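Report on the structure
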Amino acid sequence: MKARLIAYYLPQFHPIPENDEAWGPGFTEWTNVAKAKPLFRGHYQPRIPADLGFYDLRLPEVREQQAQMAREVGIEGFCYYHYWMGNGKLLLQRPFEEVLASGKPDFPFCLCWANHEWTTKTWKNEGKEKMIAPMTYGGDEDYKAHFNYVLPALKDKRYITVDGKPLFSIYDPYHFTEVSHFIELWQQLAKENGLPGIYFSAMISNTTTVRRKADGTLERTLPNLQSSKEVYKDILALGFDSITSYGKSRGEMLYKGKYRRVITRFLHEHLSFLPVISYDYPQTVANFFAPEDSWENVFPTVIPQWDRTPRVGSMDGIYVNATPENFKKHLAHAIDVVKNKQQEHRIVFLKSWNEWAEGNYVEPDDKYGHGYLDAIRESLL
């Protein structure tokens with residue numbers, strides 16, 4: 001295998017009480033996906049699913065079909081977003097709980113703790129932002145309860161491992177001030193429960209405007225487009241085993257210009273009437289990977305497409321010319337970045353399997369069919 005491709009998996013496609021309360025009964029990721037409209041000539045919206053239709057993840061047969069599609073093209077497994085909001089509060093847990101309890105699909109998986117608050121900002125760029133579910137860190141008792149909740153998954157034979165340890169990603173290592181203590185505690189609990197430890201990976205941008213100081217507070221910093229060495233060293237020093245590198249900011253800054261991108265994004269966040277920003281996909285993803293992404297313990301991320309207009313209108317940039325052919329070149333570049341690593345560490349993350357409202361998916365749609373899946377198969381197998 002040329003690379004261990006692991007795909008992020010969004011369990012948003014079923015109703016939950018919190019979304020019903022915020023948006024109305026029956027709200028799912030599909031609600032805004034289906035009613036999206038093109039914002040310029042040739043803009044591919046709405047995006048309509050093909051083979052799987054507007055599925056409901058409460059149906060086990062849908063989960064089986066997804067796994068079969070992924071397996072056939074060489075994807076190693078799914079990385080399920082896991083929403084532990086603190087003090088036992090969970091969101092969107094049903095699909096993965098059923099996968100774990102049933103043993104089906106028999107397809108590898110790991111977890112990414114999506115440790116960020118849930119607000120209405122996710123689904124609109126106007127009006128007053130409302131809290132749906134805050135993110136809280138409840139201290140040792142909460143951390144232990146969280147560990148005990150995920151322990152059956154960590155011990156499952158399907159769980160993806162690195163160097164013999166279950167792989168566990170943390171979405172936001174910056175705002176979790178006790179993350180080093182959390183990692184140390186979980187490593188202890190893992191060994192007490194018969195595991196060799198946990199392989200922690202931090203999801204971060206390889207080019208960032210935020211730096212975490214030793215005391216856990218954050219400070220603004222100028223992005224470094226030449227090197228991610230200091231960014232990675234700061235995060236690894238917190239106790240992480242690896243970095244999951246995300247190059248979207250880097251790619252956009254090198255394409256549009258560092259300061260132009262920052263100013264443009266700021267204006268669009270506050271002036272929703274401005275025309276949509278567009279980025280040429282091939283030119284942007286060509287600069288996704290920092291030199292340090294070739295480090296043994298850094299796992300680069302690829303994206304097939306990007307278009308968040310169903311969620312936020314014109315606020316975020318749209319990637320144009322995002323075709324299966326161009327994605328295949330992007331994936332080939334990532335495989336080249338990891339080719340000299342040990343086989344165990346040739347990990348590339350795919351963002352994502354099914355983020356339809358971000359235009360960020362490889363599942364079949366009515367325009368490209370199996371094009372993105374074919375690109376993966378041709379690249380890996």
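Note that this is a predicted model, so its numbers are computed, not measured.

1. Thoughts on helix α8 (residues 248–256)
Within α8 the residues assigned to the buried category are Lys248, Ser249, Arg250, Gly251, Glu252 and Met253. One or two positions beyond α8, positive phi appears at Gly257, with a value near 105°.

2. Digging into the pairing of strand β1 (residues 4–9)
Where burial is concerned, most of β1 is hidden: 6 out of the 6 residues are buried. Residues Arg4, Ile6 and Tyr8 line one face of β1 and the alternating positions Leu5, Ala7 and Tyr9 line the opposite face, and both faces are buried. Inspection of the sheet shows β1 paired to strand β16 (residues 347–350) by 4 bridges, in the parallel sense. If you follow Ala7 over to β16, its bridge partner there is Leu350. When β1 meets strand β2 (residues 77–86), the two strands line up parallel, connected through 4 bridges.

3. A look at the pattern of salt bridges
If you walk through the whole model with that rule in mind, you get 22 salt bridges. Note that Glu358 and Arg311 form a salt bridge whose closest N and O atoms lie 3.3 Å from each other. Of this pair, Glu358 sits in the loop between β17 (354–355) and β18 (360–361) while Arg311 sits in helix α11 (residues 309–312), and the two are 47 residues apart along the sequence. For the pair Glu358 and Arg311, a shared accessibility class is recorded, and that class is buried. Residue Lys328 pairs with Glu378 through a salt bridge whose shortest N-O separation is 2.9 Å. Taken together, the residues Lys328 in helix α12 (residues 324–338) and Glu378 in helix α13 (residues 371–380) connect sequence positions 50 residues apart.

4. A closer look at the packing of aromatic side chains
Taken as a whole and judged by the stated rule, the model has 42 aromatic pairs. With a centroid separation of 5.1 Å and an interplanar angle of 55°, the aromatic rings of Phe13 and Tyr55 are classed as tilted. Of this pair, Phe13 sits in the loop between β1 and α1 (17–23) while Tyr55 sits in the loop between α2 (30–35) and α3 (60–73); the two residues are 42 residues apart in sequence, bridging distant segments of the chain. In this pair, the class of Phe13 matches that of Tyr55, namely buried. Ring plane angle 85° and centroid distance 6.3 Å describe the contact between Tyr44 and Tyr368, whose orientation is recorded as edge-to-face. You can see Tyr44 sitting in the loop between α2 and α3 and its partner Tyr368 sitting in the loop between β18 and α13, a full 324 residues away along the chain. Given the relative accessible area of 23%, Tyr368 is considered partly exposed. By the ring-pair criterion, three or more aromatic residues cluster together here, those being Trp113, Tyr137, Tyr143, Phe147, Phe168, Phe176, Phe182, Trp186 and Phe200. Its end group placed over the ring of Tyr279, Lys256 keeps NZ or CZ at 5.4 Å from the ring centre. The cationic tip of Lys351 hangs over the ring face of Tyr246; the distance from NZ or CZ to the ring centre is 5.6 Å.

5. As for the packing of α12 against α13
Axis separation between α12 and α13 bottoms out at 9 Å; the angle between their running directions is 35°. Relative to α13, the crossing made by α12 is right-handed. Within the contact between the two elements, α12 uses Pro324, Phe327, Lys328, Leu331 and Ile335 and α13 uses Gly371, Tyr372, Ala375, Ile376, Glu378, Ser379 and Leu380. The residue makeup of the contact of α12 with α13, split by class, is 8 nonpolar, 2 polar and 2 charged.

Rules used throughout
Residues numbered from 1 in each chain as written. Predicted model: local features only at pLDDT ≥ 70, side-chain atom pairs only at ≥ 80, totals over all residues. Heavy atoms only, no water. Buried < 20%, exposed > 50% of the residue type's maximum accessible area, 1.4 Å probe, protein only. Helix = DSSP H or I, 4+ residues; strand = E, 2+ residues; numbered from the N terminus. Pairing = 2+ DSSP bridges. Salt bridge = Lys/Arg side-chain N within 4 Å of Asp/Glu carboxyl O. Phe/Tyr/Trp six-rings, centres within 6.5 Å; stacked < 30°, edge-to-face > 60°. Lys NZ or Arg CZ within 6 Å of the ring centre and 35° of its normal. Axes fitted to C-alpha atoms, helices over the stretch in contact; angles between N-to-C directions. Left-handed = near helix turned anticlockwise from the far one by under 90°. Contact = heavy atoms within 4.5 Å. Nonpolar A, V, L, I, M, F, W, Y, C, P; charged D, E, K, R; others polar.

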